[in-house]
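Given next are the chains, with one letter for each unit.
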Amino acid sequence: MGNPGGKPVIIVDSREKEILRQLDPAKASIQEQLLEVGDAILSERVGVERKRVEDFLQSIVDQRLFSQLENLASSFERPLLILEGNPELLFLERDIHENTIRGVLASIAIDYKVPILWTANTHETAEQLFWIANREQVLEKREPPVRAKRKAASTREVQEYLIAGLPGI
C-alpha cells in the first residue's frame with residue numbers, strides 16, 4: 001500500500017488554509033495541491049466539498065453549488081459535503097426562504113446522492129477528514145490518492161493527464 005508510515009494520506013486544496021493549519025502531520029501525511037474538484041481527497045474513492053454556512057448560502061445564491069456537487073459526484077465514487085458551522089444560522093444568515101434551503105438540502109441528498117455531514121468548526125472538520133481518511137486507507141485498506149483526479153473535457157486533456165502521471169514528467 002502507499003501509506004507512509006501507516007498514516008493516511010490527505011490531499012487538501014491549497015486554498016483551504018484553515019483546514020491545512022488544523023490537520024495534524026503526526027497523524028496523517030498532508031499533501032497540499034490546487035484541486036479542480038472538491039476541497040479534500042481522502043482515498044481513491046472519497047472526495048469532499050467543505051462549505052461554511054455563509055459560503056453554502058452564497059453558493060446557493062450565485063448558483064455554483066450544484067455545478068460543484070455535479071463535478072464532485074461524477075469524479076468520486078463516494079462524494080461528501082461537509083457543512084461547517086452552527087446549523088441554526090442556516091436560516092438566519094441570509095435572506096433566503098427556509099423552503100429554498102430545505103429544497104436545496106433535499107436535492108443534494110436525493111438527486112445528487114451526496115451525503116451531508118455537519119461539523120461545528122474548522123478543527124472538527126479537520127478531525128472528521130482525518131477519521132474518514134484513516135477508515136478508508138488504514139482500516140479498509142483502500143488505496144490513498146496518488147494524485148488528484150479531475151474530470152477531463154477532451155481527448156487532449158485525457159492524454160495530458162496520463163502523460164503528466166508518468167514518473168519524471
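Residues numbered from 1 in each chain as written. Predicted model: local features only at pLDDT ≥ 70, side-chain atom pairs only at ≥ 80, totals over all residues. Heavy atoms only, no water.

J.: Can you walk me through the environment of K113 in this structure?
T.: Mapped onto the fold, K113 is located in the loop between α4 (98-110) and β6 (116-119). Judged by relative accessible area, which is 64%, K113 ranks as exposed. K113 sits 33 residues away from L80 along the chain, and the two C-alpha atoms are 9.1 Å apart. Setting aside its immediate chain neighbours within four residues, K113 contacts P79 and I108. (Helix = DSSP H or I, 4+ residues; strand = E, 2+ residues; numbered from the N terminus. Buried < 20%, exposed > 50% of the residue type's maximum accessible area, 1.4 Å probe, protein only. Contact = heavy atoms within 4.5 Å.)

J.: Just to check I follow, could you spell out the layout of surface pockets for this structure?
T.: Rolled over the atoms, a probe with the dimensions of a water molecule shows which regions are left empty. Within this model, the largest pocket holds a volume of roughly 250 Å³. As for the largest pocket, its lining consists of 15 residues, and the residues nearest its centre are R15, G38, D39, E49 and Q68. Elements supplying a minimum of two residues to the lining of the largest pocket: β4 (46-52) and α3 (65-75). Considering only residue class, the lining of the largest pocket consists of two nonpolar, three polar and 10 charged. Size it by volume and the second largest pocket reaches roughly 180 Å³. Contributing elements (two or more residues each) for the lining of the second largest pocket: β5 (78-84) and α5 (122-139). Split into classes, the residues belonging to the lining of the second largest pocket amount to five nonpolar, no polar and six charged. (1 Å grid on protein atoms, 1.4 Å probe; cavity = no way out; pocket = protein on both sides within 12 Å on 5 of 7 lines; lining within 4 Å. Points joined across faces, edges and corners; volume = space filled by probe spheres on them. Nonpolar A, V, L, I, M, F, W, Y, C, P; charged D, E, K, R; others polar.)

J.: Please explain the packing of aromatic side chains as it appears in this structure.
T.: Aromatic ring pairs are reported here in terms of the distance separating the ring centres and the angle at which the planes meet. This model, assessed by the stated rule, comprises two aromatic pairs. Arranged with centres 5.4 Å apart and planes meeting at 20°, the rings of F66 and Y112 form a pair that is stacked. Linking F66 in helix α3 with Y112 in the loop between α4 and β6, this pair joins segments that are 46 residues apart in sequence. F66 sits in the partly exposed class, given a relative accessible area of 26%. Centre to centre, the rings of F130 and W131 are 4.8 Å apart; their planes meet at 75°, and the pair counts as edge-to-face. For W131, a relative accessible area of 48% gives the class partly exposed. The lysine or arginine in question, K27, covers the ring of F130, its NZ or CZ lying 4.7 Å from the ring centre. (Phe/Tyr/Trp six-rings, centres within 6.5 Å; stacked < 30°, edge-to-face > 60°. Lys NZ or Arg CZ within 6 Å of the ring centre and 35° of its normal.)

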